[in-house]
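Architecture at a glance
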Amino acid sequence: MKLGIVGLPNVGKSTLFNAITNAGAQSANYAFCTIEPNIGVVTVPDSRLDKLTEMYNPVKTTPAVIEFVDIAGLVKGASKGVGLGNKFLSHIREVDAVIHVVRCFENDDIIHVSGSIDPARDIETINLELIFSDLELVERRIDRCSKALKGDKSLAKELDFLKRLKAELESGKPARNIECNDDDEKAILDSVALLTAKPVIYACNMSEEDFVNKIENNHRYKIVCDIAAAEGSEVLPICAELEAEIASLEKEEKEMFLSDLGIDKGGLDLLIQRSYSLLGLISYLTAGTPEVRAWTIKKGTKAPQAAGKIHSDFERGFIRAEVIGFDELVACGSMAAAKEKGLVRSEGKEYIMRDGDIVLFRFNV
């Protein structure tokens, strides 16, 4: 999974990126500090892996990973190339979801490109630039489709949908909120690969005081929540400065630090949780002496396709999946005990994988 961190300059993107990836991206108080995207890969925290490692004592433990891409600050006119905007926009096309960092804190020492702090205006600025870029793509597609229609009348439905798509974008609606009437229209929408079709998490970057003591009282956060609710996006309150403070701490120290502040989970854990939810992802697990590992799949994935994540031969020669839930295995204490109790199930090709399934795939090629 690849997540792109976007926003206006100086809203805390690179600070947040540094904190969650420890990648040491350049972070400074001036626009376009980030030119090429910074990329960091982080492991997905999963306490189930820790327990399985304790049970199996494997040679290695391999968690799932997420790639974060810190994309340079976008500004008004980016879709026309302002601030190297077109180059930055191309980086967004490569990610699965967008983390849109919105400034919700006061600090006279950190300049704002628009001279004042206004989350609604800032969000609109970014969204409009993405929409303008999408409109160019749709218009080119309409032009090609119109020319091809002369020799292929079956393209009439596609052309009609593209024209409706263009009208919706021109009204300011992002592609992710445009309703498709059937699977054909959804396939057309997916094929255009629009920036505004990507799911969004708005990360409200606030001061440590607001984050720890009064998230709900931050009126800027409430504004972002209303915008997100209207378009079906996620919202995550976060303090990039606080995340930067705890980034270098060991796990136990970090937990103690957060506990003292009355916080259950750090920003990275919450961001990953929201991202999995937004993209409809789950993890299944494989466990043995050679390796304990987490595998990320889409909700609704059937067993053969899940097996294919490990190796294409597993999917091609799939026979069955031997499955037990994580909680059931832990309650039994071992796989042998679970088998004695008849809790290890034999599932076929139509089995839909569940989050936390521990699986052994049987195959033959």
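As shown above, the structure is provided for reference.
Below or above, wherever it landed, is the structure these notes cover. (Residues numbered from 1 in each chain as written. Predicted model: local features only at pLDDT ≥ 70, side-chain atom pairs only at ≥ 80, totals over all residues. Heavy atoms only, no water.)

Turning our attention to the overall build of the protein. Helices and strands together make up the secondary structure of the protein, namely 15 helices and twelve strands. In terms of overall dimensions, the protein has C-alpha extents of about 65 × 65 × 35 Å along its principal axes. Counting only residues that meet the buried cut, the protein has 48% of its 365 residues in that class. Put simply, of all contacts in the protein between residues at least 6 apart along the chain, 68% involve residues at least 24 apart. Distance between charge centroids for the protein: 7 Å, based on 45 positive and 58 negative side chains. (Helix = DSSP H or I, 4+ residues; strand = E, 2+ residues; numbered from the N terminus. Buried < 20%, exposed > 50% of the residue type's maximum accessible area, 1.4 Å probe, protein only. Contact = heavy atoms within 4.5 Å. Lys, Arg positive; Asp, Glu negative; His and termini not counted. Charge placed at Lys NZ, Arg CZ, Asp CG, Glu CD.)

On to the pattern of salt bridges. Scanning all chains against the criterion turns up 22 salt bridges. Two residues, Lys2 and Glu67, come together in a salt bridge whose shortest N-O distance is 3.5 Å. Of this pair, Lys2 sits in strand E1 (residues 2-6) while Glu67 sits in strand E4 (residues 65-70), placing them 65 residues apart in sequence. Overall, Lys2 belongs to the partly exposed group, its relative accessible area being 22%. Under the relative-accessibility criterion, Glu67 is labelled partly exposed at 24%. Salt-bridge contacts for Lys302 lead to Glu350; the nearest nitrogen and oxygen are separated by 2.5 Å. Here Glu350 lies in the loop between strand E11 (345-347) and strand E12 (357-363) and Lys302 lies in the loop between strand E9 (291-298) and helix H12 (303-310), a separation of 48 residues in the sequence. Judged by its relative accessible area of 57%, Glu350 falls in the exposed class. (Salt bridge = Lys/Arg side-chain N within 4 Å of Asp/Glu carboxyl O.)

Looking now at the state of the cysteines. Note on terminology: disulfide describes a covalent bond linking the sulfur atoms of two cysteines. Within the structure shown, the criterion is met by zero disulfides. Take Cys180: it sits in no disulfide, and the sulfur closest to it among the cysteines is that of Cys145, at 15 Å. Cys225 forms no disulfide, and the closest cysteine sulfur to it belongs to Cys204, at a distance of 5.9 Å. (Disulfide = S-S within 2.5 Å.)

Moving on: the nonpolar core. Judged by nonpolar contacts, the single largest core of 66 residues is most densely connected at Leu52, Ile66, Phe68, Ile92 and Val224. Other than its neighbours up to four places away in sequence, Phe68 contacts Leu3, Ile5, Phe17, Ile20, Thr21, Asn38, Ile39, Gly40, Val42, Leu268 and Leu271. Core analysis: the next-biggest nonpolar cluster, separate from the first, contains 18 residues, Ile131, Cys145, Leu169 and Ile188 among them. (Core = buried A, V, L, I, M, F, W, Y, C linked by side-chain atoms within 4.5 Å.)

We now examine unusual backbone geometry. Despite not being glycine, Asn10 has its phi angle at roughly 65 degrees, a positive value. As for its position among the elements, Asn10 is in the loop between E1 and helix H1 (13-21). What makes Asn10 buried here is its relative accessible area of 11%.

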